[in-house]
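# Summary of the model geometry
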Amino acid sequence: MTTILVTGGTGTLGRLVAERLRGDGHEVRVLSRHSEPYAVDLRAGGAALDAAVAGVDTIVHCASAQKGDEQAAQNLIRAARGAGVRHLVYISIVGVDAVPFPYYRSKLAVERLVEESGIGWTVLRATQFHDLLIMMFQGLSKLPVMFLPAGVRDQPVEVAEVADRLVELAPAAPAGRVEDMAGPEVRPLESLARAYLKASGRRRAVVNVPLWGAAYRGFRSGGHLAPRRAVGKGSFEEHLEKRFGGGRVRTGSGRSEG
């Protein structure tokens, strides 16, 4: 068994990864900005980060933010090289090289830093988590009308399944860019939004609004989808039922579109 550091280890994904690695008998260090004894802001780096990675065999890099990911990765890689870390596993997003969305561009830049780090590396790209869609729909449903970007589809995946895959990859040999991991269905965003509204008991009119710009065109063309890698099992409706309870909501077609 190995010593594994999980960055972002108190977040939606990182928490599950840490729990599962511990369950497999690994020594796990959880790194986040406010979690002792490894409370570290990766964007600042420094002695606290060096102490966190000392003696670590593998790092699973789950930490992410809207800004500062590239600096955080540079600091982490610098510390990892100094500590002789054997394996760096990074979770990225399907479509970071196809959709010119600022956050995606940052994730792609981190992928390149990982690949050029001189450390054995593995990169897994996954589609959006069910939890992220729910968070987005919660925000959009604060108004009496839910406005959605017209013509956009999504392929959400269960975060626990992504965690299980990372737990497989972390103790193994560095594998480079592994196959993408996507949810079981490609569905119109409106279909997912209506499933959320039904499960949460909210009544909202849904209006699809055409947008503009390269990022929107990328999402509309499906650059963030991986229909040939629909390996996830948990559906959005199943996740909604666990989240909100109540009667079972109607499922989708069960087939991928596009």
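Preceding this paragraph is the structure being described.
A few points on the structure. (Residues numbered from 1 in each chain as written. Predicted model: local features only at pLDDT ≥ 70, side-chain atom pairs only at ≥ 80, totals over all residues. Heavy atoms only, no water.)

## A word on the overall build of the protein chain
The number of helices and strands found in the protein chain is nine helices and 10 strands. Taking 2.2 N^0.38 as the reference for a compact globule, 258 residues should give roughly 18 Å; the C-alpha atoms of the protein chain span a radius of gyration of 19 Å, in line with that estimate. With the C-alpha coordinates aligned to their principal axes, the bounding extent of the protein chain is approximately 55 × 40 × 35 Å. By residue count, 50% of the 258 residues in the protein chain fall in the buried class. The contacts in the protein chain between residues at least 6 apart in sequence include a share of 79% that link residues at least 24 apart. As displayed, the protein chain offers around 12,100 Å² of accessible surface, 51% of which is attributable to carbon and sulfur atoms. (Helix = DSSP H or I, 4+ residues; strand = E, 2+ residues; numbered from the N terminus. Rg over C-alpha atoms; globule rule 2.2 N^0.38 Å. Buried < 20%, exposed > 50% of the residue type's maximum accessible area, 1.4 Å probe, protein only. Contact = heavy atoms within 4.5 Å. Areas by Shrake-Rupley, 256 points an atom, 1.4 Å probe, with all protein chains shown as cover.)

## Structural notes on the layout of surface pockets
When its volume is computed, the largest pocket comes out at roughly 1,400 Å³. Contributing to the lining of the largest pocket are 50 residues, with Ser64, Gln66, Tyr103, Gln128 and Leu132 lying nearest its centre. Of all the secondary structure elements, the ones that give two or more residues to the lining of the largest pocket are helix H1 (12-23), helix H3 (69-83), strand S4 (87-93), helix H4 (102-115), helix H5 (130-140), strand S7 (153-154) and helix H8 (214-220). It is H5 that contributes the most residues to the lining of the largest pocket, five residues altogether. In the lining of the largest pocket, the residues fall into 25 nonpolar, 16 polar and nine charged. (1 Å grid on protein atoms, 1.4 Å probe; cavity = no way out; pocket = protein on both sides within 12 Å on 5 of 7 lines; lining within 4 Å. Points joined across faces, edges and corners; volume = space filled by probe spheres on them. Nonpolar A, V, L, I, M, F, W, Y, C, P; charged D, E, K, R; others polar.)

## Some remarks on the packing of H5 against helix H7 (residues 189-200)
Running from N to C, H5 and H7 cross one another at 75°; their axes reach a closest spacing of 10 Å. Judged by the angle between their axes, H5 and H7 are roughly perpendicular. For the pair formed by H5 and H7, the contact residues are Leu133, Ile134, Met136, Phe137 and Gln138 on the first element and Leu189, Leu192, Ala193 and Tyr196 on the second. The class makeup of the residues in the contact of H5 with H7 is eight nonpolar, one polar and no charged. (Axes fitted to C-alpha atoms, helices over the stretch in contact; angles between N-to-C directions. Parallel < 35°, antiparallel > 145°, perpendicular 65-115°, else oblique.)

## Comments concerning a nonpolar patch on the surface
Taken together, the side chains of Leu143, Phe147 and Val207 define a hydrophobic patch exposed on the protein surface, amounting to about 260 Å² of accessible area. Mapped onto the elements, leucine 143 comes out in the loop between H5 and strand S6 (145-149). (Patch = residues over 30% accessible without salt bridge, like charges linked within 9 Å, V, L, I, M, F, W, Y side chains within 5 Å. Salt bridge = Lys/Arg side-chain N within 4 Å of Asp/Glu carboxyl O.)

## Topic: the sheet that holds strand S3 (residues 58-61)
Spatially, the six strands line up as an open sheet ordered S2-S1-S3-S4-S5-S8, and their pairing is parallel. Strands at the two margins of the open sheet, each flanked by one partner only, are strand S2 (27-31) and strand S8 (176-177). In terms of strand pairing, strand S1 (residues 3-7) meets S3 through four bridges, oriented parallel. Within S3, the residue paired with threonine 7 across the bridge is histidine 61. With respect to the sheet, H3 is in contact with S1, S3 and S4, its orientation differing from that of S3 by roughly 170°. Where H4 meets the sheet, it contacts S4 and strand S5 (120-126), and its direction lies at approximately 160° from that of S4. (Pairing = 2+ DSSP bridges.)

## Quick look at H4
Between its first and last C-alpha, H4 extends 20 Å over 14 residues, near the 20 Å set by a 1.5 Å rise per residue. When H4 is considered as a whole, its buried residues turn out to be Tyr103, Tyr104, Ser106, Lys107, Leu108, Ala109, Val110, Glu111 and Val114. Looking at the buried positions of H4, the neighbouring elements they touch are H3, S4, S5 and H8. (Expected span 1.5 Å × (residues − 1).)

## Some thoughts on the packing of aromatic side chains
In this description, an aromatic ring pair is defined by two values, namely the gap between the centres and the angle between the planes. Overall, the coordinates contain six aromatic pairs when judged by the stated rule. Seen in terms of ring centroids, phenylalanine 101 and phenylalanine 219 are 5.7 Å apart; in terms of plane orientation they differ by 65°. Their pairing is edge-to-face. On the criterion of sequence distance, the pair formed by phenylalanine 101 in the loop between S4 and H4 and phenylalanine 219 in helix H8 is long-range, its members being 118 residues apart. Since its relative accessible area comes to 33%, phenylalanine 101 is described here as partly exposed. Overall, the relative accessible area of 18% leaves phenylalanine 219 in the buried class. (Phe/Tyr/Trp six-rings, centres within 6.5 Å; stacked < 30°, edge-to-face > 60°.)

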